[in-house]
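Observations on the three-dimensional arrangement
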Amino acid sequence: MQSPNRRSDGKSRGGTVGRTKFIATASMFVCLALIFSYVEALIPFSVGIPGIKLGLANLVVIIALYEMNFRYAFAINAIRIVIAGLLFGGIFGMLYSAAGGLLSIVVMALLKKTNLFSMIGVSMAGGLAHNLGQLLVAAFLVSNIKMFIYFPVLMFSGIASGIVIGIVSYIIDGKLPKYLFR
């Protein structure tokens, strides 16, 4: 006998099967983002300049933003920041990552909503916002506005890494099976 909450096609009337699948996909994205964070933690400096990383975990966040929604992308990013901070970065690393990551996801979501920018443009703005968020926290923690002297270097690196991550995200997103997100 069939459960009263199940339809004959196997789907739940309340959308439980679809929601469960979506949560499982989001969980898989958190795991992928953590793996990318770990890989980046193994590389002391991506390009030899302190504080500059490629932002591999943002591949997952951008794809989640485009294929899922802001809420899931935000949750994936926040969970990744907390767990990666506890595992690889410490409290200050987590604080810098949270400031950059949360500002970045909000900026990317707002730009995506306008439909004026491609995934690459949104990613580029996210890279720039991430570095700005980290610099704001650094200036606050050391109580010195002179930290912004480093902003041109961070601006260039954020734009460059955002473009690279955006291109790779676009390519990967085109190859992902869309049934994962439905």
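The paragraphs below set out a description of the structure included in this document. Since this is a predicted model, take the numbers as computed values, not measurements.

About the cut-offs
- Residues numbered from 1 in each chain as written.
- Predicted model: local features only at pLDDT ≥ 70, side-chain atom pairs only at ≥ 80, totals over all residues.
- Heavy atoms only, no water.
- Helix = DSSP H or I, 4+ residues; strand = E, 2+ residues; numbered from the N terminus.
- Buried < 20%, exposed > 50% of the residue type's maximum accessible area, 1.4 Å probe, protein only.
- Contact = heavy atoms within 4.5 Å.
- Areas by Shrake-Rupley, 256 points an atom, 1.4 Å probe, with all protein chains shown as cover.
- Core = buried A, V, L, I, M, F, W, Y, C linked by side-chain atoms within 4.5 Å.
- Salt bridge = Lys/Arg side-chain N within 4 Å of Asp/Glu carboxyl O.
- Phe/Tyr/Trp six-rings, centres within 6.5 Å; stacked < 30°, edge-to-face > 60°.
- Axes fitted to C-alpha atoms, helices over the stretch in contact; angles between N-to-C directions.
- Parallel < 35°, antiparallel > 145°, perpendicular 65-115°, else oblique.
- Left-handed = near helix turned anticlockwise from the far one by under 90°.
- Nonpolar A, V, L, I, M, F, W, Y, C, P; charged D, E, K, R; others polar.

1. Some thoughts on the overall build of the protein
Along its length, the protein carries 5 helices and 0 strands. Starting at the N terminus and walking to the C terminus, you meet the elements of the protein as α-α-α-α-α. Relative to its full complement of 182 residues, the protein shows a buried share of 36%. Intrachain contacts of the protein at a sequence separation of at least 6 include 67% that bridge at least 24 residues. Approximately 10500 Å² of the protein is accessible, and the part contributed by carbon and sulfur atoms is 73%.

2. Looking at the nonpolar core
Where a protein is soluble and globular, its nonpolar side chains tend to be buried together. Membership of the largest hydrophobic core comes to 28 residues, with the highest contact counts inside it found for Phe29, Met68, Ile76 and Met108. Of all elements in the fold, only α1 (16–42), α2 (58–67), α3 (70–114) and α4 (119–142) reach the threshold of two or more residues within this core. What methionine 68 contacts, discounting residues up to four positions off in sequence, is Phe22, Thr25, Ala26, Phe29, Ile63, Ile76 and Phe181.

3. Thoughts on the pattern of salt bridges
In this structure the tally under the stated criterion is 2 salt bridges. A salt bridge links glutamate 67 to lysine 178, with the nearest nitrogen and oxygen atoms 3.0 Å apart. Of this pair, glutamate 67 sits in helix α2 while lysine 178 sits in the segment after α5 (151–175), and the two are 111 residues apart along the sequence. In this structure, aspartate 173 engages lysine 178 in a salt bridge whose closest nitrogen and oxygen atoms are separated by 3.3 Å. Linked by salt bridges that have partners in common, Glu67, Asp173 and Lys178 make up one network.

4. Considering unusual backbone geometry
As a rule of thumb, non-glycine residues mostly have phi less than zero, and peptide bonds are mostly trans rather than cis. A positive phi angle is found at asparagine 115, which is not glycine, with a value near 60°. Within the secondary structure, asparagine 115 sits in the loop between α3 and α4. The class for asparagine 115 is exposed, based on a relative accessible area of 68%. The phi torsion at serine 143 lies on the positive side, around 50°, for a residue other than glycine. Position of serine 143 relative to the elements: it lies in the loop between α4 and α5. Exposure remark for serine 143: the relative accessible area of 67% places this residue in the exposed category.

5. A look at the packing of aromatic side chains
Per the counting criterion, the structure on display carries 3 aromatic pairs. Look at phenylalanine 22 and tyrosine 72: their rings are 4.7 Å apart centre to centre, the planes differ by 90°, and that puts the pair in the edge-to-face class. With phenylalanine 22 in helix α1 and tyrosine 72 in helix α3, this residue pair connects regions lying 50 residues apart in the sequence. For the pair formed by phenylalanine 22 and tyrosine 72, the shared burial category is buried.

6. Comments concerning the packing of α2 against α5
Axis separation between α2 and α5 bottoms out at 9 Å; the angle between their running directions is 55°. Taken together, α2 and α5 sit at an angle that is classed as oblique. Two packed elements cross with a definite hand, and for α2 against α5 that hand is right-handed. Here α2 contributes Asn58, Leu59, Ile62, Ile63 and Glu67 to the contact with α5, which in turn contributes Ile165, Val168, Ser169, Ile172 and Asp173. Split by residue class, the contact of α2 with α5 holds 6 nonpolar, 2 polar and 2 charged.

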